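Next come the chains, spelled out residue by residue.
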Amino acid sequence: METDCKSISNQKNESTSNPSYNWKDVTPEFFDSIKELELGELLHGYFFGLFEAMSAIEIMDPKMDAGMMCNRESKAIKLEDLKLSDLSVSEQISIIDVTLACLVSWLEGHSLAQTVFTNLYFQKPYEIEVVPLKAFCICIYKIIEEIRDFANRAQVFEEEDFQPALYNYHYFNEISVTRVIGMMREVDESISHKLKSNANNDENESYIALNTRIKFVRLFFQILLSFNRRENHSSSMGETQRLLTTCGLLIPSLISTVDKGVPKVGREKTSNYFNFMLYSIFCLYFSDWCYDLGFDPLINQKLLPPTFPRYTKIKPADEAYVYFDSLLTRLKQICKLTNCTTFISALECFIELGHNNHLCIVSRSIMQTLYFPQPNRVFGTQDFEDCLREWAKAFIAPPSLIPRLNILSNSQAKDCIYNFFEHCTRPFAGLIQICGHNKARQRDKLAHLMEDFSALQDESQRVDAFLHSFSSKLDPPREHLASFSTWIIYHTIRIMIMYLLSGFELELYSPHEYQYIYWYLYQFLYGWLVSTLNRADNVLLGSDSLVDSQKNRTKRNKPKKKKPHPYSQEIVMCHAMQSLTGAYFKTLIGFQLEGKIRTPKHAKFDNEKVRYEHRFAAFSAVAVPPPFSYNEFQMTRCQIRDSASGDSGMLYLNSCELFHQARCLLDTIAQPHSQQVLDLIKVCKTNFVTMKLLASGYMRGPDVSLDFDFTTNSHFPILKLS
């Protein structure tokens, strides 16, 4: 409440006189004034800026203002009054449903104090006399412990993703994991026995619903335990997949029996304070019904840090079970990681799984711990170095890694190779780890990773130069090609492509920026990637021929079979992507000529050159391929405009040909097509038709609007005109 204080002194010279105050109630005026403000708006005056606004928020914070309504025990229930016995089956079902919904909210980035630990039964689980609820509460504690263990080992979460703080709660370590599973099994058997003895009881449906929830929680806990085994992952994946399938089959029954709980009778009753404070949305949603079930959203408010509370929204039970269903589906896909025996296959699997925008902290952390089972992420392990060594050998077959060529007989050469791969472990492990972060953090970390790979480029060139002196020892002598540098450049280019494409997923680019983003991909990155793969392809075939010639010197007359090119499919894919990005580049030039894309004004800090340099600033740390300036982009664009004589129809016709070329190349990739390839084919087909119409003169009027539809593919939109 705002007060207007005026001090009136009866005698000016008397310091001992008591001042009197004239208080004025401005509450009606305050509420009349705020009617003109929209939700979330603040009044900015000369004496009321952001600092005063933050101070006002702190004053109204229930953790700091003792006079707030929530700090008066008007509605909060006491632990002594908690109902610990004689809970009905419907009440147990509702408590389990709400707790699992709170668990989902925790996995979405909210704190345990505002979600799971608002359940007062977690304050004293040993004193619960209802056996199913007691076993459930202890099992949820263990599930939280397993999830925190995954997250702390993987270290791929940020503050906005996950909050692992326990707020002085403990895990009941005196109860073993085996005992917890045994308790849940005993509850399962007890309810099943009760159902058999009361075959015609009206409460059987409620007992079945309760039993299904107990079984689901137990299976989910066992799934987490099976993923947490740090050895023999490949042998235990069969059991894990069986548990995932069994647990997933229970989801429809859980959703259909949500109404078996206690009816939500006081849901519409709310207070003004809970409408005002965002973090009490839990209580706003469940209202008095949750208080009766033993949930108090204010029980842990003194444990929270002195900041403005986050908007904590608790999902309804049916939506929470849908979330669990999608989580189980993602975990089934993650099981494929155990089949990845090489580094590149694992990296491709991580990138493929990373395209899923709904990856939660559980699935992202399990992905990391399956590939790096060691706690605290030990980067320099010998196993990972050997994995990188095998990948380098498979990629380009450096003569220094071919045992039959005996280059490593020299101790200096051995030390040189060993030190190089030891330095490679952290950047390559970081590349795997980046795939587990959220999309925004991935982009930031990719920019820093480019600096690490740039340093590896310098080192790889020094290693190649040093090993070049040993090439004369080959029989027959063979010039040592720059093998390791080509291997590092290949990964550097892929990181640069990932960095640019991530901007589309995060919706960072304005439509007028698409032009130089696709130009950079079309003109340089995919072209460099094709030339790098061609070089690796030729060197790899040459290395195979050299080894075969040593093995078959006595069989010179035997006809040789022509070996297929190892990277033919990847080269075709790169050519297709190059044609696709080139089509977008020329299409966007045509749109710009027709005025369908608005460009920024030539302001000092908001023009095309400034934005270009900002988007490609991260590439300045990379030596190969070298960064390309804005002047080169302008020169290329002017050349294309001049070649088309300023006619957008000619540009649309060229784009139409490039879309068709990209589609034909994608069709030649080995069957069966992945979903990504099928989506790209659909994009090429649709845009081909659109460009055909534009090239023929249709849909080119001033009233035609342009839209970029990224629903099919998050990087390459379908062009829509209306």
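Quick look at the structure, then. (Residues numbered from 1 in each chain as written. Predicted model: local features only at pLDDT ≥ 70, side-chain atom pairs only at ≥ 80, totals over all residues. Heavy atoms only, no water.)

Things to note about the overall build of the protein
Put simply, the rule reads: Segments assigned H or I by DSSP are reported as helices when at least four residues long, segments assigned E as strands when at least two residues long, and all are numbered from the N terminus. Each residue is assigned to one of three classes by its accessible area relative to the maximum for its type, calculated with a 1.4 Å probe on protein chains only: buried under 20%, partly exposed between the two thresholds, exposed over 50%. Here, two residues are considered to be in contact whenever any of their heavy atoms come within 4.5 Å of each other. With residues, only the protein chains shown are counted as cover, and all accessible areas are computed by Shrake-Rupley using a 1.4 Å probe.
If you tally the helices and strands in the protein, you get 23 helices and four strands. When burial is assessed residue by residue, the protein has 51% of its 722 residues classed as buried. Summarising the internal contacts of the protein: among those between residues at least 6 apart in sequence, 77% fall at separations of at least 24. Carbon and sulfur atoms form 52% of the exposed surface of the protein, whose accessible area is close to 36,000 Å².

A short note on empty space enclosed by the protein
Put simply, the rule is: Put plainly, a pocket is an open set of points on a 1 Å grid over the protein atoms alone with protein on both sides within 12 Å along at least five of seven lines, a cavity is a set where a 1.4 Å probe fits but cannot get out, and a lining residue has an atom within 4 Å of a point. Grid points are joined across faces, edges and corners, and a volume is the space filled by probe spheres set on the points. Residues were grouped as follows: Ala, Val, Leu, Ile, Met, Phe, Trp, Tyr, Cys and Pro as nonpolar; Asp, Glu, Lys and Arg as charged; and all remaining residues, including Gly, as polar.
Per the counting criterion, the structure on display carries one cavity of 30 Å³ or more. There is about 40 Å³ of room inside the largest cavity. Forming the boundary of the largest cavity are Leu-347, Ile-351, Leu-431, His-491, Arg-494, Ile-495 and Met-498. With four residues, helix H17 (residues 483–505) is the largest single contributor of residues to the lining of the largest cavity. Its residues placed into classes, the lining of the largest cavity shows five nonpolar, one polar and one charged.

Details of helix H13 (residues 361–371)
Within H13, 11 of the 11 residues are buried, which leaves it mostly tucked inside the rest of the structure. Taken together, the buried positions of H13 are Ile-361, Val-362, Ser-363, Arg-364, Ser-365, Ile-366, Met-367, Gln-368, Thr-369, Leu-370 and Tyr-371.

Quick look at the packing of helix H19 (residues 568–593) against helix H22 (residues 648–667)
Applicable threshold: Axis lines are fitted to C-alpha atoms, over the contacting stretch for helices. Their N-to-C directions set the angle, which ranges from 0 to 180 degrees. An angle below 35 degrees is treated as roughly parallel, one above 145 as roughly antiparallel, one from 65 to 115 as roughly perpendicular, and anything else as oblique. Here a crossing is called left-handed whenever its near helix is offset anticlockwise from the far helix by less than a right angle, and right-handed whenever the offset is clockwise.
Remark: H19 packs on H22, axes separated minimally by 8 Å, with the N-to-C direction vectors making an angle of 160 degrees. If you check the angle between H19 and H22, you find them roughly antiparallel. In terms of crossing hand, the pair formed by H19 and H22 is left-handed. Here the contact of H19 with H22 is composed, by residue class, of 16 nonpolar, nine polar and one charged.

Some details on the side chain of Asn-119
Note the following rule: Any pair of nitrogen or oxygen atoms within 3.5 Å is treated as a polar contact; in protein, a donor-acceptor pairing is required on top of that, and neighbouring residues in sequence qualify only through side-chain atoms on both sides.
Within the secondary structure layout, Asn-119 lies in the loop between helix H3 (89–107) and helix H4 (131–154). Here Thr-99 takes part through its side chain, which lies 3.0 Å from a polar atom of the side chain of Asn-119. Among the polar contacts made by the side chain of Asn-119, one reaches the main-chain amide nitrogen of Tyr-121 at a distance of 3.0 Å. With residues near it in sequence (within four places) discarded, Asn-119 still touches Ile-95, Thr-99, Gly-294 and Phe-295.

Remember that the coordinates give geometry; whether it matters functionally is a separate question.
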